[in-house]
Amino acid sequence: MNFEILVATNNEHKLKEIRSILSPHKITVYGFKDLNIKEGEVTEDGKTYFENALIKAKSAARATKIPIIADDSGLEVVALNNAPGLYSARFAKECGGHNKAMRKIIDEIKGKSQDARFVCDIVLINVEDKPLLFEGITTGRIAKSPEGENGFGYDPIFICDDLNKNYALLTEEEKNEVSHRAKALKKLLTYLRINGYAH
């Protein structure tokens, strides 16, 4: 019997990424559509990635009792005092999309440090009596210009230290080795294996 888990997201890219990492380990990964759950936009007003992820997980928990994971992630640019960070998605929306947001970041850090990192916090609920947190961080730098067609979000301007390669130029297999979300998911997977939920 596979361990069943719901991913509390409306982002199909994110769901696909999570599914490709967890599914090989006898874990059935559901999205909202799979369980006929109608989940609208959730107000993410937490002060940390963990709080935002927990808000999303708890909102989905109104519809099902199965284990739920939710994540919150952000791009932190050193020269911008770690902005957009927690507000990465909001920043892109305010700029009129990720392409404009990426251009703005590149313009604002010209002549400054290119250092940046992606942070991902994954929260697991409905397994223990408290929420569990798994965090992944990938360090890197901002590219001089967007490049690549793979991935989503800010991927085209992030060059990760692990492979010295732009996120959006990575294959799915490469990204699932080094991305911030992949690192958080691997910690989650270790927990699930130790407790006999995954293989």
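Higher on the page you've got the structure.
Note that the structure is predicted; figures quoted are calculated from it, not measured.

Now for the pairing of strand E3 (residues 68-77). Taken across its 10 residues, E3 has 10 buried, putting it largely inside the fold. As judged from the two bridges shared by strand E1 (residues 3-7) and E3, these two strands associate in the parallel manner. Note on E3: the bridge partner recorded for Leu6 is Ile68. In the sheet, E3 pairs with strand E5 (residues 115-125) via 10 bridges, with the strands oriented antiparallel. The residue of E5 that forms the bridge with Asp71 is Ile122.

Summed over all chains, the structure comprises 16 salt bridges. Here Asp162 and Lys183 are joined by a salt bridge, their closest N and O atoms 3.3 Å apart. Here the residue Asp162 occupies a position in the loop between strand E7 (158-160) and strand E8 (165-166), and Lys183 occupies one in helix H6 (residues 180-194), the gap between them amounting to 21 residues. When its relative accessible area of 24% is taken as the criterion, Lys183 is described as partly exposed. Residue Lys186 pairs with Glu177 through a salt bridge whose shortest N-O separation is 3.6 Å. Note on Lys186: relative accessible area 29%, which makes it partly exposed. One continuous salt-bridge network, built from bridges that share partners, spans Lys14, Glu17, Asp71, Asp155, Lys175 and Arg181.

For the coordinates displayed, the defined rule picks out five aromatic pairs. Their ring planes at 5 degrees and their centres at 5.4 Å tell us that Phe118 and Tyr167 sit as a pair that is stacked. In this pair, Phe118 is assigned in strand E5 and Tyr167 in the loop between E8 and helix H5 (172-178), connecting sequence segments 49 residues apart. Put simply, the rings of Phe118, Phe158 and Tyr167 touch in pairs and so form one group of aromatic residues. Seen from the ring of Tyr167, Lys175 lies directly overhead, with NZ or CZ sitting 5.3 Å from the centre.

About the thresholds
- Residues numbered from 1 in each chain as written.
- Predicted model: local features only at pLDDT ≥ 70, side-chain atom pairs only at ≥ 80, totals over all residues.
- Heavy atoms only, no water.
- Buried < 20%, exposed > 50% of the residue type's maximum accessible area, 1.4 Å probe, protein only.
- Helix = DSSP H or I, 4+ residues; strand = E, 2+ residues; numbered from the N terminus.
- Pairing = 2+ DSSP bridges.
- Salt bridge = Lys/Arg side-chain N within 4 Å of Asp/Glu carboxyl O.
- Phe/Tyr/Trp six-rings, centres within 6.5 Å; stacked < 30°, edge-to-face > 60°.
- Lys NZ or Arg CZ within 6 Å of the ring centre and 35° of its normal.

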